Structures are given as structure tokens and as C-alpha cells.
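Residues per chain, in single letters:
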Amino acid sequence: MSDQPTDLRETVRRRYAAAAQAAEARTGCCGPEPVEVDDTFGGALYPADERSTLPAEAVAASLGCGNPTAVAELREGERVLDLGSGGGIDVLLSARRVGPTGKAYGLDMTDEMLALALANQKKAGATNVEFLKGTIEAVPLPADTVDVVISNCVINLSTDKPAVFAEMFRVLAPGGRVGISDVVADDALSPAQRAERGDYVGCIAGALSFTEYRRGLEAAGFTDIEITPTHTVADSMRSAIVRATKPTG
């Protein structure tokens, strides 16, 4: 019998490997074109002044549903972890926000994306950046390592979201915070109805509802949870900004 979580992870890995290769291949006189072309996903969700300061390949490889660095309120000297960092757009933006005394980690499971991210790091000249290979369900960092966890439309792709929330909580230092973008379903939608609106790798079928997301974060130990919808990505499916805090106690 097929192992569905493993199969889905491999499907996601192949999709993002292809996206990395496409970002590198779509190079013309003005640089690579974005992999995604609509206005609900991709590099178009970042302000033009931010896009213009980054390697074109990093922008082209962006497949997210928001701009988590804009809401994470990053400060000088902080340590940031980006779950599912892809071509590195949010890592590079975070590195600039935290400055030379801070650190930005990027975590991805796809070799092609990691290679692209390392190339983009070199082009950007970012020295306070480290890319790690691994899954978001088993982060290869010690406990209490980072001050902020960000992610851009990746948690919905996991088949074990409780493990992701637990890992976010573990790697955050006490008082640390979460500032992520993700796709969230209206509470009225059943899992079957979510699947009708899009596939898993398209960031739709695997989305949690607003209530499920809040309960998952609470179960992991987070407090001060805010889930704020930003724009519609499918019928009764929203891109949302998710904020939460790890208590200091």
C-alpha cells in the first residue's frame, strides 16, 4: 500500500525542484521571469523597491502567498529562521533587516532550491546567512536557537502540521515569535471541499481552517495568536498572516 505522506512529500519536492530549474532557465535581457504569473502567489506580492535589491533569480523562484518579512517586525541583531526557504528571497530580505549582528537561516528539503539559494546568497553578498537542508517537521537546529520563525506558504504543504508547530516552538527562544504567511480555509469548508478547490502542491488541499490553525498553535504552546486574512486565493480560501509568541515562562 502506498505511503501517502511520503508520496505527497516527494510530489512537493519534485514541484519545487522544477520551479528552481525554471527560475534559472528563464533568463533574458532583463533577468528571469517569475515562475508564477497570477497576483495571488509569487514575487509580485513584494514591493518593487524590495524586488529591485535582490538577485532576479530569487524573485523569480518565489512561490509564496505573502511577504512575511513585512510583518515579522525584525530587529537588528535578531536570529531568524525561514521554513521552506526556496530560492532565498525571504532569507535575504531578513538578513538585511537584522543586520550584520543578526543571523538568517533558511531551511529547505530540495537540493535544487538550496543550490539556487546559495547562488543568490553569493550574488547578494550576504554574509549573515546560512542555508540548511532538512524538513520543516524536523528542523536541524538546537532548541532556543532563533528569535523569529517566518515561512511563506509552506506549512500548508506539510502532511504533519502538529510536528511543524512543535518544531517552531522548540527552536524559538523564550519570548520568540512567529510571523508567517500561509493559505487558510474558512471554517465552513471540509477537507474534501478544500481538495475540490485545488491540489496539495498548489497550496490548497492541505490548508488548515482558521480554527484548526489556531488550535494547532495553541496545542504546541503558543500564545498571542493572530490569524489575519489578506487576500483570496480560491473560493473560501485566504492567504493569511499568522502571528504567535512563545511564552517566556
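Procedures and definitions
Residues numbered from 1 in each chain as written. Predicted model: local features only at pLDDT ≥ 70, side-chain atom pairs only at ≥ 80, totals over all residues. Heavy atoms only, no water. Helix = DSSP H or I, 4+ residues; strand = E, 2+ residues; numbered from the N terminus. Contact = heavy atoms within 4.5 Å. Areas by Shrake-Rupley, 256 points an atom, 1.4 Å probe, with all protein chains shown as cover. Salt bridge = Lys/Arg side-chain N within 4 Å of Asp/Glu carboxyl O. Buried < 20%, exposed > 50% of the residue type's maximum accessible area, 1.4 Å probe, protein only. Expected span 1.5 Å × (residues − 1). Pairing = 2+ DSSP bridges. Right-handed = clockwise from strand over helix to strand, strands pointing away. pLDDT = per-residue confidence, 0-100. Axes fitted to C-alpha atoms, helices over the stretch in contact; angles between N-to-C directions. Parallel < 35°, antiparallel > 145°, perpendicular 65-115°, else oblique. Left-handed = near helix turned anticlockwise from the far one by under 90°. Nonpolar A, V, L, I, M, F, W, Y, C, P; charged D, E, K, R; others polar.

K.L.:
Before we move on, can you summarise the overall build of the chain with the specific residues and values?
P.N.:
If you tally the helices and strands in the chain, you get eight helices and 10 strands. For the chain, contacts bridging at least 24 residues in sequence account for 71% of all contacts bridging at least 6. Of the roughly 10500 Å² of accessible surface on the chain, 53% is carried by carbon and sulfur atoms.

K.L.:
Describe the pattern of salt bridges, with residues and values.
P.N.:
Enumeration according to the criterion identifies 11 salt bridges in this entry. In this structure, arginine 75 engages glutamate 78 in a salt bridge whose closest nitrogen and oxygen atoms are separated by 3.4 Å. As a salt-bridge pair, arginine 243 and glutamate 226 come within 3.7 Å of each other at their nearest N and O atoms. With arginine 243 in strand S10 (residues 237-245) and glutamate 226 in strand S9 (residues 223-234), the pair connects residues that are 17 residues apart, well separated along the chain. Using a relative accessible area of 26% as the deciding quantity, one classes arginine 243 as partly exposed.

K.L.:
Tell me about helix H5 (residues 111-124), residues and numbers included.
P.N.:
Here H5 spans 20 Å end to end across 14 residues, near enough to the 20 Å set by a 1.5 Å rise per residue. Of the residues trailing H5, glycine 125 is marked for its positive phi of about 70°.

K.L.:
How would you sum up the pairing of strand S3 (residues 79-83)? Please name residues and give values.
P.N.:
In terms of burial, S3 is a largely internal element, four of the five residues being buried. As defined by bridge partners, S3 adjoins strand S4 (residues 103-108) across five bridges and the pair is classed as parallel. Paired with aspartate 82 across the strands is glycine 106, a residue of S4. In terms of handedness, the path from S3 via helix H4 (residues 89-98) over to S4 forms a crossover that is right-handed. Note: S3 against strand S6 (residues 146-152), four bridges, orientation parallel. Note that in S6 the partner of leucine 83 across the bridge is serine 151.

K.L.:
An account of the environment of glycine 134 is needed here, citing residue identities and associated values.
P.N.:
Assignment of secondary structure puts glycine 134 in the loop between strand S5 (129-133) and S6. Taking the relative accessible area as the measure of exposure, glycine 134 reaches 17% and is therefore buried. Here the alpha-carbon distance between glycine 134 and aspartate 108, two residues 26 residues apart in the chain, equals 5.7 Å. Ignoring anything within four residues of it in the chain, the contact list for glycine 134 reads Leu107, Asp108 and Met109.

K.L.:
Provide a residue-level description of the pairing of S6, including the pertinent values.
P.N.:
Burial runs high along S6: seven of the seven residues are buried. With six bridges connecting them, S6 and strand S7 (residues 172-185) associate as parallel partners. For valine 148, the partnering residue across the bridge sits in S7 and is arginine 177. Taken together, S6, helix H6 (residues 161-171) and S7 form a β-α-β motif whose crossover is right-handed.

K.L.:
Help me get a handle on the confidence of the model for the chain, residues and values and all.
P.N.:
The predicted model of the chain averages 80 in pLDDT, with 71% of residues at 70 or higher. Within the chain, helix H8 (residues 210-220) carries the highest mean pLDDT (98), whereas strand S2 (residues 31-32) carries the lowest (36). Note that residues 26-38 has pLDDT below 50 and, in this model, 24 contacts with residues that lie over four places away or in other chains.

K.L.:
Residues and numbers for the environment of valine 129, please.
P.N.:
For valine 129, the position within the fold is in strand S5. Using a relative accessible area of 8% as the deciding quantity, one classes valine 129 as buried. When near neighbours in sequence (up to four residues on either side) are disregarded, valine 129 contacts Val91, Leu92, Ala95, Lys103, Ala104 and Gln121.

K.L.:
Can you lay out the packing of H6 against H8 for me, pointing to particular residues and giving the numbers?
P.N.:
Two numbers describe how H6 lies on H8: the axes approach to 9 Å, and their chain directions differ by 45°. What the angle tells us is that H6 and H8 run oblique. Of the two possible hands of crossing, H6 and H8 adopt the one that is right-handed. Facing H6, whose interface residues are Phe165, Ala166, Met168 and Phe169, H8 presents Tyr213, Gly216, Leu217 and Ala220. The residue makeup of the contact of H6 with H8, split by class, is seven nonpolar, one polar and no charged.

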